[in-house]
Amino acid sequence: MRESRTLRWARPVVLGLLALFTVIPLYVMAVSSIKPLKDVQGRFTWLPTHVTFRPFVDMWRTVPLGRYFVNSLVVSVSATLCSMVIAILAGYAVSRYRFAGRGTFMTAVLSTQMFPGILFLLPLFLIFVNVERYTGIRLYGSRTGLTITYLTFALPFSIWLIAGYFDTIPRELDEAARVDGAGPMRTLFRVVLPVAAPGVVAVAIYAFMTAWGEVLFASVLTDDDTRTLAVGLRGYATQANVYWNQVMAASLVISLPVVVGFLALQRFLVHGLTAGAVKS
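Along each chain, numbering runs from 1 in the same order as the chain's sequence is written. This being a predicted model, a pLDDT of at least 70 is required before a residue's local features are given, and a value of 80 or more before pairs of side-chain atoms are given or counted; all residues contribute to the totals for chains, interfaces and linings. As a rule here, side-chain values cover all heavy atoms of the structure and leave hydrogens and water aside.

Along the chain, the regular secondary structure elements total 14 helices and zero strands. Mapped in sequence order, the helices and strands of the chain form the string α-α-α-α-α-α-α-α-α-α-α-α-α-α. Projecting the C-alpha coordinates of the chain onto the three principal axes gives extents of approximately 70 × 70 × 35 Å. Counting every position in the chain, which comprises 280 residues, the buried fraction comes to 36%. Contact criterion: two residues are considered in contact whenever any of their non-hydrogen atoms come within 4.5 Å of each other. Contacts in the chain between residues far apart in sequence, at least 24 positions, make up 75% of those at least 6 positions apart. Surface summary for the chain: the accessible area is close to 16200 Å², and the carbon and sulfur share equals 69%. None of His or the chain ends enter the tally, which takes Lys and Arg as positive and Asp and Glu as negative. For this purpose, a charge sits on NZ of Lys, CZ of Arg, CG of Asp or CD of Glu. The averaged location of the 13 negative side-chain charges in the chain is 7 Å from the averaged location of its 24 positive side-chain charges. Under the DSSP-based scheme used, a helix requires at least four consecutive residues in state H or I and a strand at least two consecutive residues in state E, with every element numbered from the N terminus. To sort residues, take the accessible area from a 1.4 Å probe on protein chains only and compare it with the maximum for the residue type: under 20% means buried, over 50% means exposed, and anything in between is partly exposed. Working definition of accessibility: Shrake-Rupley area with a 1.4 Å probe, residue cover restricted to the visible protein chains.

The structure is reproduced here in C-alpha cells:
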C-alpha cells in the first residue's frame, strides 16, 4: 500500500506536537531547578536570569531525601524480584500444563486490573493493622508491608504477560530437555528462561516502575521512617513556603534512575510486550 500525501504530511506534525507535549514540561522542570526561589515564585521566564545549582545541594537538607531514596529503592527492588520469581513460576505452569481451572485462573488474574487501586486501600490498611494486633508482625508503616502491597498490583499483569511470552516459545525445547533427563525446574531455568529474557525484563521494568512512582498507598501505609520518594516530595512544602526549585531538582534526580534504566532496556521491553501480548 502506498502512503498517501496527507498521511506523509500529518505524521511529522502529530509527532512534533507529541514531542512538544512531552519536552516542554521537562524543560520547565529543568529550568526551574536552576533558578533562585524568588525567580521561580515570580513571573515565569523561559530562560533563567540567574543560574544557580544551590537547589541540588539544599534539597538533601530540607528533607531527608537520602533516606527516602533508600526506602524507595529497597521496596521497588524487593517487589520487582518477588514479582519476577512468582510470575515466572506461575506463568510457566499456566503455559506448559493443562489443569482444571486454568482458564478461570487466568481470567481472575486479568480481571483484577479492572478495579481502581483505591478500592483496596482500606481493606489492606485493616488487614495490616489486624495482622500486627494478632500476630505481632508489623506490616503497617514498614517496608515489608509496602512491598506486599506493590506485589499485589504488579503480580497479576506480570503473570499474564510472562505466560503469553512462554506461549511463543516452542514446546519442542521442553521435550528436548526432557529427553536429556532434565526435570521441569531445570528445563525452566536452563532452557526456557534464557530464551524468554525479553519477557522477564519487561516484567521487571513494569514491576519496578509500578512501585517506584506510586503515591496513594505509600502516603497511607508508611510513616516518617519508611516514607518513599514519591511521598517525600511533599516535605518541600511547609506552612511558610514552598521550595519549588528544590522540588524540581529532586524530581529530576529521582527520575534519572528510571529514565536511564528504561532507555537501556527499551528494546527488551518492546520485544517482551509485543510477543507476550499475542498468544499462539
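The next thing to look at is the side chain of Ser95. Position of Ser95 among the secondary structure elements: in helix 4 (residues 65–96). Sequence-distant contacts of Ser95, defined by excluding residues within four places in its chain, comprise Arg102, Ala163, Phe166, Asp167 and Arg171.

This brings us to a nonpolar patch on the surface. A surface patch of nonpolar side chains, amounting to about 890 Å² of accessible area, comprises Val13, Leu17, Leu20, Val23, Ile24, Tyr27, Phe44, Trp46 and Leu47. Structurally, Leu20 can be placed in helix 1 (residues 5–33). Within the patch definition used here, like charges are joined within 9 Å and nonpolar side chains (Val, Leu, Ile, Met, Phe, Trp, Tyr) within 5 Å, considering only residues with over 30% relative accessible area and no salt bridge. What counts as a salt bridge is simple: a side-chain nitrogen of Lys or Arg found within 4 Å of a carboxyl oxygen of Asp or Glu.

A few words now on the packing of helix 9 (residues 184–195) against helix 10 (residues 197–212). For the pair helix 9 and helix 10, interaxial distance at closest approach is 5 Å and the crossing angle is 75°. On the basis of their axis angle, the class for helix 9 and helix 10 is roughly perpendicular. Together, Leu193, Pro194 and Val195 of helix 9 and Ala197, Pro198 and Val200 of helix 10 make up the contact between the two elements. Three classes are used, and their members are as follows: Ala, Val, Leu, Ile, Met, Phe, Trp, Tyr, Cys and Pro are nonpolar, Asp, Glu, Lys and Arg are charged, and the others, Gly among them, are polar. When the residues that make up the contact of helix 9 with helix 10 are grouped by side-chain class, the tally is six nonpolar, no polar and no charged. Geometry is summarised by axes, namely lines fitted to C-alpha atoms with helices restricted to the contacting stretch, and by angles between N-to-C directions that run from 0 to 180 degrees. For classification purposes, angles smaller than 35 degrees are called roughly parallel, those larger than 145 roughly antiparallel, those between 65 and 115 roughly perpendicular, and all remaining angles oblique.

Bringing the pattern of salt bridges into the picture now. A full pass over the atoms with the stated rule returns four salt bridges. The partner of Arg96 in a salt bridge is Asp174, with the nearest N and O atoms 3.1 Å apart. With Arg96 in helix 4 and Asp174 in helix 8 (residues 172–179), this residue pair connects regions lying 78 residues apart in the sequence. Assigned by exposure class, Arg96 and Asp174 land together as buried. In this structure, Arg138 and Asp223 form a salt bridge, with 2.7 Å as the shortest nitrogen-oxygen distance.

Across the interface, helix 5 (residues 102–111) lies against helix 7 (residues 143–167) with an axial gap of 8 Å and an inter-helix angle of 130°. It follows that helix 5 is oblique to helix 7 by the angle criterion. Of the two elements, helix 5 crosses helix 7, and the hand of that crossing is left-handed. In this structure, helix 5 uses Phe105, Met106, Val109 and Leu110 to contact helix 7, whose residues at the interface are Pro156, Ile159, Trp160 and Ala163. Among the residues forming the contact of helix 5 with helix 7, the class breakdown is eight nonpolar, no polar and no charged. Should the near helix be turned anticlockwise from the far one by less than a right angle, the crossing is termed left-handed; should it be turned clockwise, right-handed.

This paragraph deals with the side chain of Glu214. Tracing the sequence through the fold places Glu214 in the loop between helix 10 and helix 11 (216–221). Arg234 is the oppositely charged side chain nearest to the buried, salt-bridge-free Glu214, at an N-O distance of 11 Å. Two N or O atoms form a polar contact when they lie within 3.5 Å of each other; inside protein one atom must be a possible hydrogen donor and the other a possible acceptor, and for residues adjacent in sequence the pair counts only when both atoms belong to side chains. Among the polar contacts listed, one links the side chain of Glu214 to the side chain of Tyr150, at a separation of 2.8 Å. At 3.0 Å, the side chain of Glu214 forms a polar contact with the backbone nitrogen of Ala218.

Attention now moves to the nonpolar core. Working definition of a nonpolar core: buried Ala, Val, Leu, Ile, Met, Phe, Trp, Tyr and Cys residues. They are joined through side-chain atoms within 4.5 Å. In terms of nonpolar packing, the biggest core is built from 20 residues, with Phe166 and Leu188 touching the most fellow members. For this core, the secondary-structure elements that each account for two or more residues are helix 4, helix 7, helix 9 and helix 10. Element by element, the count of residues in this core is highest for helix 7, at seven residues. Non-local contacts of Phe166, meaning those with residues more than four positions away in its chain, are made with Ile88, Gly91, Tyr92, Ser95, Arg96, Leu188, Val192, Leu193 and Ala196.

As a further point, take helix 1. The end-to-end C-alpha distance of helix 1 is 43 Å, a good match for the 42 Å that 29 residues give at a rise of 1.5 Å each. Of the positions making up helix 1, those classed as buried are Val31, Ser32 and Ser33. Check the buried side of helix 1 and you find it contacts helix 2 (37–41), helix 3 (54–62) and helix 13 (244–264). By this rule the span expected of a helix is its residue count minus one, scaled by 1.5 Å.

Moving on, we come to the confidence of the model for the chain. On average, residues of the chain score 86 in pLDDT, and 94% of them reach the 70 mark or higher. The pLDDT value expresses, per residue, how confident the predictor is, ranging between 0 and 100. Long-range and interchain partners of residues 276–280, a stretch whose pLDDT sits below 50, account for 12 contacts in this model, where long-range means more than four residues apart.

For the rest of this paragraph, the subject is the packing of aromatic side chains. Two rings from Phe, Tyr or Trp (for Trp, the six-membered ring) form a pair when their centres sit within 6.5 Å of each other. Planes less than 30 degrees apart are called stacked, planes more than 60 degrees apart edge-to-face, and all others tilted. For the structure shown, the criterion picks out 12 aromatic pairs. Between the aromatic rings of Tyr92 and Phe166, the centroid separation amounts to 5.9 Å while the plane-to-plane angle is 90°, which identifies the pairing as edge-to-face. Residue Tyr92 is found in helix 4, and its partner Phe166 is found in helix 7; the two are separated by 74 residues along the sequence. Classification of Phe166 by relative accessible area gives buried; the value is 0%. An aromatic cluster is built from Tyr27, Phe44 and Trp46, whose rings are joined through pairwise contacts.

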